[in-house]
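What the coordinates show
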Amino acid sequence: MSKIGVYVCHCGENIAGVVDVEDVRQYAEQLDGVTVTRRNLFMCSDPGQEMIRQDIASGLVDRVVVAACTPRTHEPIFRTTLEKAGLNKYLFEMANIRDQGSWVHAHDKYGATAKAKRIVASAVGKAANLHPLEDKFVDVTPAALVIGGGVAGIFSALELAKMGHKVYLVEKQPSIGGAMAMLDKTFPTNDCSACILTPVMVEAANHPNIELLTCSEVADVNGYIGNFNVRIRKNQTYVDWNKCTGCGACAEACPVRTANEFNGGMDHRGAAYIHFPQAVPKKAVVDMSVCINCAGRKLGTEPRISKKTGQPVLAACEKACPSGAIDRSHHLPAEGTLRDIEVGVIIVATGYQVMEKENFPEYAPDSPNVITALQMERLISATGPTGGKLLRPSDHRKPRTISFVSCVGSRDVRHHTYCSRVCCMYMIKQARLIKEKYPDIRIFMHVIDVRAPGKDFDEYYTRARDMGITFVKGKVGGMEILPADQVRVLGYDVDLGSNIEVDADMVVLASAMEQPPTAKLLARKIGLSFDGAGFFKELHPKLKPVETAVEGVFLAGCCQGPKDIPDTVSQAKGAAAAAAIPLCQGKVRIDPTISEVDTEKCSGCGICTPLCPYNAIVLKTYSGRPRAMIDITQCKGCGVCTAACPSAAILLHGYTDVQILSQIAALTRAA
Amino acid sequence: MQTVNLTQMDKEGIAEKVIAMGGEGLLNCVQCGACASVCPVARAGFSLYCKNLIKKLQSGYMEEILEDSSTWACQACNRCTEICPRDVKPSEVVFAFRRIQAEELAISTSAFTPLMSLYETGHAVYNKRSKELRKKVGLPETPPTSIGDPKAVAELQKILDDSPMAELGIFLNLMSRKQEK
Amino acid sequence: MEQFGMYLGCNIPFNAPDIEQSFRQTFPNLGVEVVDLQGATCCPAWGTAPSFDINTWLAISSRNITLAESEQVDIMTGCNSCFGILAEAKHMLDHDPGRKAQVNRLLSKADRKYSGSSEVYHVAHVLHNKIGVEKINASAKYTLRQLKVAVQPGCHLLWPSAVMKVKEKNPFFPTMLKELCHALGAETPHYSRLESCCGMGAMRSTNQERALDTLKDKLKSMKEEIDPDMIVTTCSSCYLQFDNAQKLLRDKGEIDFAIPVFYYTQLLALCQGLDPAQVAAISETPRDEIIVRIQSKQRLLN
Ligand SMILES: Cc1cc2nc3c(=O)[nH]c(=O)nc-3n(C[C@H](O)[C@H](O)[C@H](O)COP(=O)(O)OP(=O)(O)OC[C@H]3O[C@@H](n4cnc5c(N)ncnc54)[C@H](O)[C@@H]3O)c2cc1C
Ligand code: SF4
Ligand code: SF4
């Protein structure tokens, strides 16, 4: 006969304010197998745990039920208590009388108490039938995958590499750097973005522990913490990167002119191009979707021989390349090449996108002089389309009046309800940079309010006012297009209590940062979930900010929510530290509360294999007959197979039939 | 004193009333100002318009603004509703407030003429010269509307007679005249 | 022939019957039969029932829509205000079954029942989306080539876009009316206050001076930015404001120019060679001169 101790927690007033805890304790006293009942203000406190330890040490109890809060946060604490007292930690059961009792029935004290009793009875019923279980361990593949080579991914990769871990850094663009590479200067210090980012990019590329995989994407992910099998697709670049020196001759020679994404579409690049001047790696790619097969050079065909010269007629890029890196006679597969890698942990750092102006019909999206703030970064950058001279897109004249419009797509139920957090600051930054260089330009900042809560941020904002930048409190509701491509901003000044208009030469929209739609595909591959705003969801907003619901997968940077560079880098380093834990331990624990097949009972019918949501079950031949086998590293203990097996051959440890039936019996017995 | 003592503002029932009258989004407003920036009423310089009406109602103003006729300048253009980032539907708050003003008969006498005309002819706007104008352009003197259709007017009056509008006594004279007939 | 129920409203039959005549004469040329909605009342105007009680408004509006339902036609309105009122009413009724039941209880007093089977369109919607610019172009005998038009779509055709079956691509920069004018050969250069309010209606009856200021802003934007030969609208309220209040502004010395104003189907009628004495005969801002120019020999298409 088991000796069950029942410990009822007050959780301060959380439980005791509603549930009559003494009544519950007295009720537990008379349940079968219960030898000890106690209560405490906080069972998870030292004295609370000490109570349990004492009772175990003095031989009073050999099974423990704590009637308190949720096992999600507290089961690990009490299991450790049992372990320290020398009892198998799986001889523990939690009765959640708070989240499922006092909190949901706050207005019904009597009912909440009655329900608490049943929940306790059920836990006691199960506890009587618990068996000791043993943790299992598997080895960890000593390598990490970082997806996304923005500033977040770069820092996560570098941190892990410096700790001595092998890192694969996968970036879908030809170069790492992400959005930060597009910025001119950065608040709150106004240091040049390229000047602080380029050295880190180079460091990452040169680090012996980092393998840089650019133009690459994650095609598939399988496995479990410690042992992920990842298939990487290297997209076709049509340039032999082993030979390419990044001289840019092909880009210059290419006759195609297509919108240059890196410069916000405000200038052009060739079909052959280099991502941006400081690209790392500095390698050329050919964008086949816009290539015009100049010189009739179809891919995978031998060149024509010129009748005049007797020489082969080559495409402009081929001809220009001094190192022979482009050869269109090769038949290169358009879908690129696949490669499988194995890693123990994954950090997702896929960043964000900004909303395009076409999403905002009220803000004159057809005017060339209405641009997004990210385009403005390029327009004032020395490597941008105008070489750093501020010229408006319509006529390449210097603007005299600029309006900045805040909260475009943020804090707006039609788009995103969240605040994008960085817009106020980057608007102020851009306004200051422009004002410093061109004091005669008049600048109006239309804001609902200015959000400058970071270190040194408010001082940065105040300085903008001192510089003569005008702040107008009031959201802009519309725009009209004036002759000569001016834009009339229809605004409202809350402080004046009056409608205002600005005849602006340029309008800058601080458009929202959002999760790009491609994130959905990646999420499906990895099993990540989204928060209400559409960003990747962390495991706990306060205590597990870089962990995810998928063990061994961590988040860094803006893919988890909008943030500035200081916060991005902090989080990236945090994610690296968290990801390093399994890598350092070398082993990961496998929870024993998973399913196991009794090979004697299994008939090999195979019903379970397609049902498993984690692909953990395979049929293997065992003494000449097919038998289901469960991979312990894949099984999550969901119990689907257990319920489905017609031969009752699958046992879910910790949730056996006897255990569950005893719970049901206790619940259905009147309290 | 021009200072408003917020603790002494009696907000009792005001928001509930506005919401019940159709201004359902009243409490969602964050006073960003977007609606006012494009509101023709605000732009023309009227004293009350979407944004500041909403703020006043949220703050417990009612008697102080009940007689202000600016709300009757609202064009119902709905541009505010199209762009409000909080889905307040500001124009509906303006109309809810108008309905409250109407209930208190805090409306200008000129507002009654179209109502009377609506009740009598089925048309809020009617022009006695119209017969002449219609003839001039080659149309029958009477259009195929309620103006020449007593049955249609009677149907309309049945709807109006039992409406809250009738309870205000707006149509009292007309209703008794009808009964005399 | 496709049929539409012609909802006239108040201003068109009583103040601008030449617009009514232009509907009756142009639509058959475009293959559309105009069906009268016998016994229609006011929509009811924003300042009447909608400002007093929602259900009374919806009952009167839905009564008007039932006239079309029993003729088994969709409605087309010539006035933006009427369109706004009827379209919003229909949207509310069709999206709120509880409301619909309440309103049908009121309607039963008039022995009517609203079912929701008829759509509410505006004349501009029918012209642009049902008939199409090609047919309109083909129906014209005279061209407006080299004539500059300032278009006035009017607020209630733009917002709230949620209640409209036919929508502008961008309601803040509407193009439908421009395209309808292009179909007649006219130019429609952009002016900045294109989408802004004309000041008619509630604003004008509340405070005429402010309403005139609002119109003046708009007129000045037209005159100074594009100097048009005429103003063309598909809203009868806007029409009256531009025509009549423009004269008031001139009389007060606030403006020193006169721009002729047409309802779109009046212009279409002139291009179709119809008699101006019937389709464009009543205005306070003179337009005889431009009418003669439009129906001149040089503009005849062969
Ligand atoms: C206009 C503007 C101005 C700003 N100015 C400042 C400033 O002055 N100071 C400041 O602190 N912050 C500023 N910020 C914020 C700053 O840009 C971000 O904090 C920072 O770039 C976030 O970095 P990240 O690595 O999380 O994301 P990103 O920079 O977006 O990097 C993500 C990377 O992942 C790659 N990627 C995405 N999906 C995949 C995939 N499926 N597979 C492989 N790779 C993938 C992308 O190509 C990209 O390279 C500004 C933002 C904007 C919009
Ligand atoms: S736009 Fe909406 S949220 Fe902003 S002030 Fe107007 S009603 Fe309030
Ligand atoms: S609907 Fe009324 S309140 Fe809203 S913008 Fe138009 S005039 Fe202003």
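**Some details on the overall build of chain C**
When its secondary structure is counted, chain C shows 14 helices and 7 strands. Over its C-alpha atoms chain C spans a radius of gyration of 19 Å, differing by no more than 12% from the 19 Å that the globule rule assigns to 302 residues. In terms of its C-alpha atoms, chain C occupies a principal-axis envelope of roughly 60 × 45 × 35 Å. When each of the 302 residues of chain C is scored for burial, the buried share is 66%. Considering only contacts in chain C between residues 6 or more positions apart, those separated by 24 or more positions represent 78%. Seen as two clouds, the 32 positive and the 34 negative side-chain charges of chain C have centres 2 Å apart.

**Some thoughts on the site of ligand 1**
All names here are of chain A. Every one of the 35 residues lining ligand 1 counts as a neighbour, but E171, A179, K429, K563 and I565 are closest to it. The contact in question runs from an oxygen atom of ligand 1 to an N or O atom on the backbone of F187, over 2.9 Å. Protein chains shield 96% of the accessible area of ligand 1, which is 1,000 Å² for the free molecule. Counting residues per element, the ones that place at least two in the shell around ligand 1 are helix 6 (151-162), strand 8 (185-186), helix 10 (373-379), helix 11 (423-437) and helix 14 (565-585). Class assignment of the residues belonging to the shell around ligand 1 gives a composition of 17 nonpolar, 11 polar and 7 charged.

**What about the interface of chain B and chain C?**
If you look at the interface, chain B gives 60 residues, while chain C gives 66 residues. Buried surface at the junction of chain B and chain C, summed over both partners, amounts to about 5,100 Å²; 63% is from carbon and sulfur atoms. The largest share of the area that chain B buries against chain C comes from Q75, P144 and I159 of chain B, three residues that together contribute 13% of it. Here chain B and chain C share 5 salt bridges between them. For E155 of chain B, the salt bridge is made with R63 of chain C, and the minimal N-O distance between the two is 2.7 Å.

**Overview of the pattern of salt bridges**
For the structure on display, the rule yields 56 salt bridges over all chains. Put simply, E480 of chain A and R193 of chain C hold a salt bridge, and the shortest N to O gap is 3.1 Å. Of the two residues, E480 of chain A sits in strand 24 (residues 478-481) while R193 of chain C sits in the loop between helix 8 (176-182) and helix 9 (202-206), which places them in two different chains. The pair formed by E480 of chain A and R193 of chain C is uniform in burial state, with each residue classed as buried. When salt bridges with common partners are traced through the structure, they connect E480, R488 and E501 of chain A, R43 of chain B together with R193 and D217 of chain C into a single cluster.

**Some remarks on a nonpolar patch on the surface**
Residues and elements named next belong to chain A. On the surface, Y655, I660, L661 and I664 cluster together into a nonpolar patch covering about 370 Å² of accessible area. Mapping I664 onto the fold places it in helix 17 (residues 657-668). Take I664: its relative accessible area is 43%, and that puts it in the partly exposed class.

**Here we look at the environment of M230 of chain C**
All names here are of chain C. Looking at the element boundaries, M230 is found in strand 6 (residues 230-233). Residue M230 is classed as buried on the basis of its relative accessible area, which comes to 0%. Through-space distance from the C-alpha of M230 to that of L30 is 24 Å; in sequence the pair is 200 residues apart. Here M230 is in contact with L147, K148, V149, A150, I259, P260, F262, L267 and I294, once residues within four sequence places are set aside.

**Re the packing of helix 9 (residues 150-161) of chain B against helix 3 (residues 54-71) of chain C**
Where helix 9 of chain B contacts helix 3 of chain C, the two axes come as close as 10 Å, and the packing angle between them is 160°. With respect to helix 3 of chain C, the axis of helix 9 of chain B lies roughly antiparallel. As for how helix 9 of chain B packs across helix 3 of chain C, the hand of that crossing is right-handed. Listed contacts from helix 3 of chain C to A152, E155, L156, I159 and L160 of chain B of helix 9 of chain B are T56, A59, I60 and R63 of chain C. The class makeup of the residues in the contact of helix 9 of chain B with helix 3 of chain C is 6 nonpolar, 1 polar and 2 charged.

**Structural notes on the sheet that holds strand 23 (residues 470-473) of chain A**
All names here are of chain A. Strand order across the open sheet formed by 5 strands is 20-27-21-22-23, with parallel pairing between neighbours. One side of each edge strand has no neighbouring strand; the edge strands of this open sheet are strand 20 (370-372) and strand 23. Between one strand and the next, the sheet's axes are offset by a mean angle of 25°, whatever the strand orientation. Across the sheet, helix 11 is in contact with strand 21 (401-408), strand 22 (442-447), strand 23 and strand 27 (506-511); its angle to strand 22 comes to roughly 175°.

**Here we look at the pairing of strand 1 (residues 2-7) of chain C**
Residue and element names in this part refer to chain C. In terms of strand pairing, strand 1 meets strand 2 (residues 32-36) through 5 bridges, oriented parallel. In the strand pairing of strand 2, M6 is matched with D36. As paired strands, strand 1 and strand 3 (residues 74-77) are joined by 4 bridges and run parallel to one another. Following the sheet pairing, F4 is matched in strand 3 by D74.

**Considering the domain arrangement of chain B**
Annotation of chain B at the domain level lists domain 1 (6-103) and domain 2 (109-180). Here the C-alpha centroids of domain 1 of chain B and domain 2 of chain B sit 31 Å apart.

**Describing the site of ligand 3**
The immediate surroundings of ligand 3 are formed by C39, P40, V41, C50, C74, Q75, A76, C77, N78, C80 and S91 of chain B. For the shell around ligand 3, the class distribution of residues is 8 nonpolar, 3 polar and no charged.

**Describing helix 4 (residues 80-95) of chain C**
Along an α-helix, residues three or four apart share an orientation, since each turn contains 3.6 residues. In this model helix 4 of chain C runs 22 Å from its N-terminal to its C-terminal C-alpha over 16 residues, within 8% of the 22 Å that 1.5 Å per residue would give. By the burial criterion, the buried members of helix 4 of chain C are N80, S81, C82, F83, G84, I85, L86, A87, E88, A89, K90 and L93 of chain C.

**A short note on the interface of chain A and chain B**
Every contact between the two is made by 18 residues of chain A and, on the other side, 18 residues of chain B. In total, chain A and chain B occlude about 1,400 Å² of area from one another, counting both sides; carbon and sulfur atoms represent 53% of this. For the interface between chain A and chain B, the tally reads 1 salt bridge. With a shortest N-O distance of 2.8 Å, R43 of chain B and E501 of chain A are connected by a salt bridge. For the pair chain A and chain B, the interface holds 10 residue pairs in polar contact (both at pLDDT 80 or more). Counting residues per element, the side of chain A that touches chain B draws most heavily on strand 25 (residues 487-493) of chain A, which supplies 3 residues. Across the side of chain A that touches chain B, the residue classes break down as 6 nonpolar, 6 polar and 6 charged.

**Some points on the nonpolar core**
Core analysis: the biggest nonpolar cluster contains 95 residues, and V18, L57, F97 and F171 of chain B together with Y7, F52 and W57 of chain C have the highest contact counts within it. Contacts of F52 of chain C, omitting those with residues within four sequence positions, involve W72, R99, A102, I107, L115, M165, L168 and I170 of chain B together with G47 of chain C. A157, V200, I326 and V588 of chain A belong to the second largest nonpolar core, which has 83 residues in total.

**Quick word on the packing of aromatic side chains**
On inspection of all chains with the given rule, the structure shows 17 aromatic pairs over all chains. Here Y119 of chain B and F171 of chain B contribute two aromatic rings whose centre-to-centre distance is 4.7 Å and whose plane-to-plane angle is 20°, an arrangement assigned as stacked. Taken as a pair, Y119 of chain B in helix 7 (residues 112-121) and F171 of chain B in the loop between helix 10 (164-167) and helix 11 (172-180) lie far apart in primary sequence, 52 residues in all. For Y119 of chain B, a relative accessible area of 1% corresponds to the buried category. With a relative accessible area of 0%, F171 of chain B lands in the buried category. Site record: aromatic cluster; members linked through ring pairs are F95 of chain B together with W46 and W57 of chain C. Taking NZ or CZ as reference, K56 of chain B lies 5.7 Å from the ring centre of Y61 of chain B, over its face.

**Considerations on the domain arrangement of chain C**
All names here are of chain C. If you check the domain split of chain C, you get domain 1 (2-123) and domain 2 (132-299). If you look at the interface, domain 1 gives 28 residues, while domain 2 gives 33 residues. Taken as a group, D18, L30 and N80 account for 25% of the area that domain 1 buries against domain 2, more than any other trio of residues on that side. Summed over the shared surface of domain 1 and domain 2, the result is 2 salt bridges. Note that E119 is salt-bridged to K165, the shortest N-O span being 3.3 Å. There are 13 residue pairs in polar contact (both at pLDDT 80 or more) connecting domain 1 and domain 2.

**So, the pairing of strand 25 of chain A**
Residues and elements named next belong to chain A. Within strand 25, 7 of the 7 residues are buried, leaving the element largely enclosed by the surrounding structure. What you see with strand 25 is no split at all: V487, V489, G491 and D493 on one side and R488, L490 and Y492 on the other are buried throughout. As paired strands, strand 24 and strand 25 are joined by 4 bridges and run antiparallel to one another. Bridge pairing in strand 25 places E480 opposite R488. Here strand 25 runs beside strand 26 (residues 498-504); their pairing, made up of 7 bridges, is antiparallel.

Definitions and limits used
Residues numbered from 1 in each chain as written. Chains lettered and ligands numbered in written order. Predicted model: local features only at pLDDT ≥ 70, side-chain atom pairs only at ≥ 80, totals over all residues. Heavy atoms only, no water. Helix = DSSP H or I, 4+ residues; strand = E, 2+ residues; numbered from the N terminus. Rg over C-alpha atoms; globule rule 2.2 N^0.38 Å. Buried < 20%, exposed > 50% of the residue type's maximum accessible area, 1.4 Å probe, protein only. Contact = heavy atoms within 4.5 Å. Lys, Arg positive; Asp, Glu negative; His and termini not counted. Charge placed at Lys NZ, Arg CZ, Asp CG, Glu CD. Near = heavy atom within 4 Å. Polar contact = N/O pair within 3.5 Å; in protein donor to acceptor, adjacent residues only side chain to side chain. Areas by Shrake-Rupley, 256 points an atom, 1.4 Å probe, with all protein chains shown as cover. Nonpolar A, V, L, I, M, F, W, Y, C, P; charged D, E, K, R; others polar. Buried area = accessible area lost by both parts, 1.4 Å probe. Salt bridge = Lys/Arg side-chain N within 4 Å of Asp/Glu carboxyl O. Patch = residues over 30% accessible without salt bridge, like charges linked within 9 Å, V, L, I, M, F, W, Y side chains within 5 Å. Axes fitted to C-alpha atoms, helices over the stretch in contact; angles between N-to-C directions. Parallel < 35°, antiparallel > 145°, perpendicular 65-115°, else oblique. Left-handed = near helix turned anticlockwise from the far one by under 90°. Pairing = 2+ DSSP bridges. Domains from an automatic or database assignment. Expected span 1.5 Å × (residues − 1). Core = buried A, V, L, I, M, F, W, Y, C linked by side-chain atoms within 4.5 Å. Phe/Tyr/Trp six-rings, centres within 6.5 Å; stacked < 30°, edge-to-face > 60°. Lys NZ or Arg CZ within 6 Å of the ring centre and 35° of its normal.

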